[in-house]
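Below are the chains, spelled out letter by letter.
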Amino acid sequence: MSLDAVADRTHGYTGADLTAVLVDAATRAAGSAAGPPVIRQRDLEAALDAVGPSTLRDASVQTPTTTYQDIGGLDRAKREVVRTVEWPQRYPALFERLDAAAPTGVLLHGPPGTGKTMLAKAVAASTDANFLSVDGPELMNRYVGESERGVRDLFERARRLAPAVVFLDEVDSLAPARHDTDTGASERVVSQLLTELDGLSPRGSVAVLAATNRRESVDPALLRPGRIETQVAVPIPDQDARAAIFEVQLDGVATGRIDTTALAAATTGYTGSDIAGVVREGALLAMEDHLRETEFDATDASGLVVTQRHLRRAIETTAPSVDGAG
Ligand code: ADP
């Protein structure tokens, strides 16, 4: 095996990962050698199969603490996710008794910053499941040319870490409706994804949630029954939802009297993420005022509160991130 070929196969490997590959290969060589051990091509290949890049390994497992209460609005989406993902994990006997099918996977679709990731994390937290998250474009880049292996590794780890929630963010880039026929790369990724989904046991301990803000760009094969069959809309928040999001985002923040209804009325088209931005900016404006009032002697923070006026000013300096919606 040429070193160039090894280099080609080790996108995303750190120096420590490469050392681990060599140690693994050497162990294999020693185990199979009659005479003095020599690392052969097949030892290296087996080692590369066994040792993945730690970047993906480490970055993606979490035990989230997000609760449904942290998510403002989205009542329908929450209810749908609870029934289709949480119940099968929590009450398998009920599904068995009624011979009810649980979806293998659920697609959360809606504009960026509306709470799709939060929802997936809340499901994992409420079922005490490990949360394995992969970002479509990131996985495609990290494993250039062999992203199907990233998919396989991901599900292998999910089964090992079960109960687990697998979150496929920006799934449209993993499984695009129009395949890149030049390399066949995405075709291999899709077929690996389908293999993994088809292999999951119904009402099993690995739940799959995928997210996209371009539903029409997802390969329809992925959305067939038995696969990621349930679709849940995660829309831009309406007036009531925006007020609820202000409530949760301001929870734990020292404030004066806040009228969230008025704030909601002034933020048509804002996503949850935009509202989080307004609250962050409002806090900075409050600090600015506080520093000025105390002549930059901030030893006593007790007078520092975010007021309605700070939040109004923050709204004036921001705009909704998603245009044409709301
Ligand atoms: P998405 O996955 O849809 O792009 P996220 O779930 O990552 O969006 O949301 C990004 C951030 O925006 C969250 O960490 C949170 O601070 C805020 N946010 C988004 N939606 C909501 C919501 N419905 N309620 C409260 N906060 C929200």
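Parameters and conventions
- Residues numbered from 1 in each chain as written.
- Predicted model: local features only at pLDDT ≥ 70, side-chain atom pairs only at ≥ 80, totals over all residues.
- Heavy atoms only, no water.
- Domains from an automatic or database assignment.
- Contact = heavy atoms within 4.5 Å.
- Buried area = accessible area lost by both parts, 1.4 Å probe.
- Helix = DSSP H or I, 4+ residues; strand = E, 2+ residues; numbered from the N terminus.
- Buried < 20%, exposed > 50% of the residue type's maximum accessible area, 1.4 Å probe, protein only.
- Near = heavy atom within 4 Å.
- Polar contact = N/O pair within 3.5 Å; in protein donor to acceptor, adjacent residues only side chain to side chain.
- Areas by Shrake-Rupley, 256 points an atom, 1.4 Å probe, with all protein chains shown as cover.
- Nonpolar A, V, L, I, M, F, W, Y, C, P; charged D, E, K, R; others polar.
- Pairing = 2+ DSSP bridges.
- Axes fitted to C-alpha atoms, helices over the stretch in contact; angles between N-to-C directions.
- Core = buried A, V, L, I, M, F, W, Y, C linked by side-chain atoms within 4.5 Å.

What follows is about the domain arrangement of the protein. Each domain of the protein was delimited in the assignment, giving domain 1 (3-52), domain 2 (58-233) and domain 3 (239-316). For domain 1 versus domain 2, the distance between C-alpha centres works out to 32 Å. Every contact between the two is made by eight residues of domain 1 and, on the other side, four residues of domain 2. Both sides together, the interface formed by domain 1 and domain 2 hides about 480 Å², and carbon and sulfur atoms give 35% of it. Area buried by domain 1 at its contact with domain 2 is led by Arg9, His11 and Asp49, which between them contribute 70% of it.

Mapping Glu293 onto the fold places it in helix H14 (residues 272-293). With a relative accessible area of 65%, Glu293 lands in the exposed category.

Surrounding the ligand, one finds 17 residues, the nearest of these being Gly72, Gly113, Lys116, Thr117 and Met118. One of the side-chain nitrogen or oxygen atoms of Thr117 is found 2.5 Å away from an oxygen atom of the ligand. Gln249 places a side-chain nitrogen or oxygen 3.0 Å from a nitrogen atom of the ligand. For the ligand, whose accessible area on its own is 560 Å², the fraction buried by protein is 78%. Breaking the shell around the ligand down by element, the ones donating at least two residues are helix H7 (116-126), helix H12 (239-250) and H14. Considering only residue class, the shell around the ligand consists of seven nonpolar, eight polar and two charged. A domain-level breakdown of the shell around the ligand finds at least three residues from each of domain 2 (58-233) and domain 3 (239-316).

What follows covers the sheet that holds strand S5 (residues 206-212). Backbone hydrogen bonds hold the strands of a sheet together, and the pairing may be parallel or antiparallel. Taken together, the six strands give an open sheet; going across it, the order is S1-S3-S4-S5-S2-S6, and neighbouring strands pair in mixed fashion. Strand pairing shows two members of the sheet lacking a second neighbour, strand S1 (61-62) and strand S6 (230-233), which therefore form its edges. H7 rests against S1, strand S2 (105-109), strand S3 (130-135), strand S4 (164-169) and S5 of the sheet, and its axis sits at about 170° to S4.

What follows is about the nonpolar core. Membership of the largest hydrophobic core comes to 30 residues, with the highest contact counts inside it found for Phe155, Val166, Leu168, Leu193, Val208, Leu222 and Ile228. Going through the elements one at a time, S3, helix H8 (136-142), helix H9 (147-160), S4, helix H10 (171-174), helix H11 (185-199) and S5 are the ones with two or more residues in this core. The element best represented in this core is H11, accounting for five residues. Setting aside anything within four residues of it in sequence, one finds Val208 in contact with Thr104, Gly105, Val106, Phe155, Val166, Leu168, Leu197, Leu200 and Ile228. Counting residues in hydrophobic clusters, the runner-up holds 23 residues, among them Ile71, Val81, Ala122 and Ala211.

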